[in-house]
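Each chain is listed here by its residues.
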Amino acid sequence: MSDNIIIKGVNKSYGKKQVLFDIDLTIEKGMFGLLGRNGAGKTTLMKTLAALHKKNSGEITVCGVPIENAAEIRAMTGYLPQEFSMYPSMRTDEALCYLGTLSGIPSRECKKRVTSLLRRVDLIEHRRKKIKELSGGMKQRLGIAQAILHDPKVLIVDEPTAGLDPEERIRFRNLMCELAEDRIVLLSTHIVGDIEATCEQIAIMDSGKILWRGTVSELLKEAEGHIYTVNVAKRFLPQIKKEYIVTGMLAQNEYITVRIVSDAEPDLPNPVQTAPDLEGAYMYCLRSRGCDVCGGDE
């Protein structure tokens with residue numbers, strides 16, 4: 001049995017509205033990042049890979065199993081949706097045991113597995129708390145625990161750190177990297193920092209299409225020569241934002257240092273070509289492929 005996901009020519013429509021267009025991807029074991037703006041089609045693709053939505057055409061195999069074998073796909077896949085919720089009045093350990101029972105895990109084994117998972121996601125001290133009493137970060141970690149309760153070969157997480165504070169975001173990223181050591185972990189997000197901190201293999205998606213596929217290093221290289229910094233008076237900032245993609249600003253008294261994406265050297269005072277960061281490279285990728293990202297706004 002192979003340890004990859006192969007997607008060939010996949011299309012998906014809701015009624016007359018097409019939302020996925022000829023998706024081609026191969027996702028290997030380890031951590032893989034799918035980066036894209038809200039509305040890019042990421043969630044539809046994630047649900048399709050988890051056998052929760054049916055494609056209209058194309059082929060998908062998950063670890064050698066055709067996506068049409070939905071029951072087998074779900075048995076080997078853990079899924080944490082963008083909006084995760086569980087039974088709010090149940091205790092943390094009770095909820096996981098209940099889900100384990102629904103998954104057919106024997107009672108004694110399930111209790112051991114729940115204890116082990118709560119320890120792994122750093123919730124063992126909160127096992128008797130009601131779910132409604134947990135913080136947002138704790139609920140997301142509980143979501144991961146339920147997603148891997150049946151020890152899946154594939155873990156799909158959709159926008160997992162949106163709304164988390166910096167400490168919880170770091171904790172969650174670290175957990176994802178640990179889980180990716182022995183399975184495929186597919187992380188879908190619009191937050192560039194999550195990709196930068198966890199993934200080397202990535203794809204960029206927009207308007208239902210895969211725009212780019214490769215490594216973080218390759219994406220940064222593609223943006224070389226297209227990132228600039230300029231130091232200008234603050235009064236010029238509105239005009240700069242109209243003409244260029246602005247990815248960073250640092251105010252210094254009456255002046256401001258602006259980081260911009262530009263196809264050519266900008267017509268501004270003393271522009272300095274700057275090594276790209278991932279956010280700038282991502283914005284350049286969108287711009288160079290015809291996406292509307294004017295003025296630094298998504």
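Counting of residues starts from 1 at the beginning of each chain's written sequence and follows it residue by residue. For this predicted model, a pLDDT threshold of at least 70 governs which residues receive local features, and a threshold of 80 or more governs which side-chain atom pairs are given and counted, while totals over whole chains, interfaces and linings are taken from all residues. The basis for every side-chain value is the complete set of non-hydrogen atoms in the structure, without hydrogens or water.

Caption draft 1: Region of interest: the pairing of strand S8 (residues 184-189). Here's how the labels work: a residue is buried when its accessible area is under 20% of the maximum for its type, exposed when over 50%, partly exposed in between, all with a 1.4 Å probe on protein chains only. Each helix is a run of H or I in the DSSP string that is no shorter than four residues. Each strand is a run of E no shorter than two, and both are numbered from the N terminus. The buried fraction of S8 is high, at six of six residues. Residues Ile184, Leu186 and Ser188 line one face of S8 and the alternating positions Val185, Leu187 and Thr189 line the opposite face, and both faces are buried. Of the pairings in the sheet, the one linking strand S3 (residues 30-36) to S8 comprises six bridges and is parallel in character. Within S8, the position partnered with phenylalanine 32 by the bridge is leucine 186. A pair of strands is considered paired only if DSSP assigns at least 2 bridges between the two. Relative to S8, strand S7 (residues 154-158) runs parallel, the two being bridged by five bridges. Opposite isoleucine 156, over in S8, you have leucine 186 as the bridge partner.

Caption draft 2: Spatial organisation of helix H3 (residues 92-102). Those residues of H3 that sit buried are Thr92, Asp93, Ala95, Leu96, Leu99 and Gly100. All buried residues of H3 project into a common sector of 160° when viewed along the axis, lining one side. H3 presents Thr101 and Leu102 as exposed residues on the side facing more than 90 degrees away from its buried surface. Any two residues whose heavy atoms approach within 4.5 Å are treated as being in contact. Looking at the buried side of H3, the elements it contacts are helix H4 (107-120) and helix H5 (136-147). Backbone geometry just downstream of H3 places glycine 104 in the positive-phi region, at approximately 85°. This arc is built from the directions going out from the helix axis to the C-beta atoms.

Caption draft 3: Fine view of the packing of H3 against H5. Following both chains from N to C, one finds H3 and H5 inclined at 25°, their axes separated by 10 Å at the closest point. By the angle between their directions, the pair H3 and H5 is classed as roughly parallel. Crossing geometry of H3 relative to H5 is assigned as right-handed. Each of Thr92, Leu96 and Leu99 in H3 lies in contact with H5, whose residues at this interface are Leu142, Ala145 and Gln146. Here the contact of H3 with H5 is built from residues that sort into four nonpolar, two polar and no charged. All axes are obtained by fitting lines to C-alpha atoms, using only the stretch in contact for helices, and the reported angles, taken between N-to-C directions, cover 0 to 180 degrees. Throughout this description, any angle smaller than 35 degrees is read as roughly parallel, any larger than 145 degrees as roughly antiparallel, any in the 65 to 115 degree range as roughly perpendicular, and the remainder as oblique. When the near helix sits turned anticlockwise from the far one by under a right angle, the crossing is termed left-handed; a clockwise turn instead gives a right-handed crossing. Ten residue types, Ala, Val, Leu, Ile, Met, Phe, Trp, Tyr, Cys and Pro, are classed as nonpolar, four, Asp, Glu, Lys and Arg, as charged, and the remainder, Gly among them, as polar.

Caption draft 4: Just the pattern of salt bridges, in detail. What counts as a salt bridge is simple: a side-chain nitrogen of Lys or Arg found within 4 Å of a carboxyl oxygen of Asp or Glu. Scanning the entire structure with this criterion turns up 17 salt bridges. The salt bridge partner of lysine 42 is glutamate 159, with a shortest N-O separation of 3.4 Å. Taken as a pair, lysine 42 in helix H1 (residues 42-49) and glutamate 159 in the loop between S7 and helix H6 (166-179) lie far apart in primary sequence, 117 residues in all. Note that glutamate 109 is salt-bridged to arginine 113, the shortest N-O span being 2.1 Å. With a gap of four residues between them, glutamate 109 and arginine 113 both fall in helix H4, about one helical turn apart. The exposure class assigned to glutamate 109 is partly exposed, which follows from its relative accessible area of 37%.

Caption draft 5: How the structure looks around the sheet that holds strand S1 (residues 4-14). The strand order across the open sheet built from four strands is S2-S1-S4-S5, with neighbouring strands paired in antiparallel fashion. Only two strands of the sheet have a single partner each, and these edge strands are strand S2 (17-28) and strand S5 (65-66). The sheet contact formed by strand S4 (residues 57-62) and S5 spans two bridges and is antiparallel. Among the inter-strand pairings, threonine 61 is bridged to a residue of S5, identified as proline 66. Across the sheet, H1 is in contact with S1, S2 and S4; its angle to S2 comes to roughly 60°.

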